[in-house]
Amino acid sequence: TKRAAANAIIAPDFKFEDMGIGGLDAEFSTIFRRAFASRIFPPGIIDKLGIMHVKGMLLYGPPGTGKTLIARQIGKMLNAREPKVINGPEVLNKYVGQSEENIRKLFADAEKEYKEKGDESGLHIIIFDELDAVCKQRGSGAGGGTGVGDSVVNQLLSKLDGVDQLNNILLIGMTNRKDMIDDALLRPGRLEVQIEISLPDEFGRQQILKIHTAKMKENKVMSDDVDVGELAALTKNFSGAELSGLVKSATSFAFNRHIKVGTMAGVSEDVTNMKVNREDFLNALSEVKPAFGVSDEELE
Ligand code: ATP
């Protein structure tokens, strides 16, 4: 099973929650195995195997599910330098050649280091958010019918398959619309590892809520009547980002109980005893709603 495979490479004392990512253990393990495991082996072993590292992967799924979070955390685990992050729409430029130039720049540091150090070069991670904005099926008129989208895809392809194959690059593309991505980009050697990051199930939601309430619990500003298990059951279809929004909304209701409404706004004296309680979370539930109506059955 997915989980058994995960256990093979994850140390027993390692907790995903400690990294601040909830409900994505299996996905994380797969990403690590496919895109990173080969990178922690000495180059000699990789040469013997006659393989190349995975140079690209695609994380796809609804917004706010932790795609960026996971990409950054994985970079940290590998001691990679701070990833370069770029947004699809940011790259697009109406001036001829400027979008390609933006892509070229993205790879420039890695290329320079690879020329100097070869396989001893550190790993360069490039996170490409909203990839669909520039990498729609070629000929589909992405980039406002200017053909800019086509040349961006071509430029990315040439960086990934280039004659001087860079072995020190990992391009992590992200999208909410995998179906929009040009097929040519998804072939082996390119964004070859494709992982769906879907909305969390009930267990995942519980983990995520635990992460986002960890601090208030530790600092004893959360009442004992708050049960994250109960909240997880009540938050079907919530993304991680929405669960984090729920926690914030709940704290606002707790603040509200301590605000004196009068001619001058002020807080009451008992504010030092402020705690976020179950009622605050129930109020938050009537305020924060999930954007996507996918049912749990569909997710399973
Ligand atoms: P988008 O598609 O909109 O770029 P994304 O999938 O990259 O979204 P993130 O930016 O990683 O989503 O998530 C936004 C925030 O929501 C995170 O910084 C985090 O606070 C919270 N969050 C999302 N998913 C999780 C999760 N699985 N565990 C814990 N927190 C999460």
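Residues numbered from 1 in each chain as written. Predicted model: local features only at pLDDT ≥ 70, side-chain atom pairs only at ≥ 80, totals over all residues. Heavy atoms only, no water.

A. Seen up close, helix 2 (residues 25-36). Taking 1.5 Å per residue as the helical rise, helix 2 with its 12 residues ought to reach 16 Å, and the 15 Å between its terminal C-alpha atoms agrees with that figure. Of all 12 residues making up helix 2, nine are buried, and the element is well covered by its neighbours. Taken as a whole, helix 2 has its buried residues at Asp25, Ala26, Glu27, Phe28, Ser29, Ile31, Phe32, Ala35 and Phe36. (Helix = DSSP H or I, 4+ residues; strand = E, 2+ residues; numbered from the N terminus. Expected span 1.5 Å × (residues − 1). Buried < 20%, exposed > 50% of the residue type's maximum accessible area, 1.4 Å probe, protein only.)

B. Representation of the confidence of the model for the protein chain. When pLDDT is averaged along the protein chain, the result is 83; 83% of the residues meet or exceed 70. The lowest-confidence element of the protein chain is helix 1 (residues 2-9), averaging 47 in pLDDT; the highest-confidence one is helix 9 (residues 228-234), averaging 98. Considering only residues more than four positions removed or in separate chains, one finds that residues 1-8, a stretch of pLDDT under 50, has three contacts. The ipTM, which scores confidence in the relative placement of chains, is 0.96 for this predicted complex, and the corresponding pTM is 0.85. (pLDDT = per-residue confidence, 0-100. Contact = heavy atoms within 4.5 Å.)

C. Region of interest: the pattern of salt bridges. Using the criterion set out here, one finds 10 salt bridges in the structure. Among the ionic pairs, glutamate 82 bridges to arginine 72, the shortest N-O distance being 3.0 Å. You can see glutamate 82 sitting in the loop between helix 4 (67-77) and strand 2 (84-87) and its partner arginine 72 sitting in helix 4, a full 10 residues away along the chain. A relative accessible area of 60% means that glutamate 82 is categorised as exposed. Residues lysine 112 and glutamate 116 are paired through a salt bridge, measuring 3.7 Å at the closest nitrogen-oxygen approach. Placement of the pair is lysine 112 and glutamate 116 together in helix 6 (residues 98-117), with a separation of four residues, close to one helical turn. Under the relative-accessibility criterion, lysine 112 is labelled exposed at 54%. Judged by relative accessible area, glutamate 116 falls into the exposed class, the value being 56%. (Salt bridge = Lys/Arg side-chain N within 4 Å of Asp/Glu carboxyl O.)

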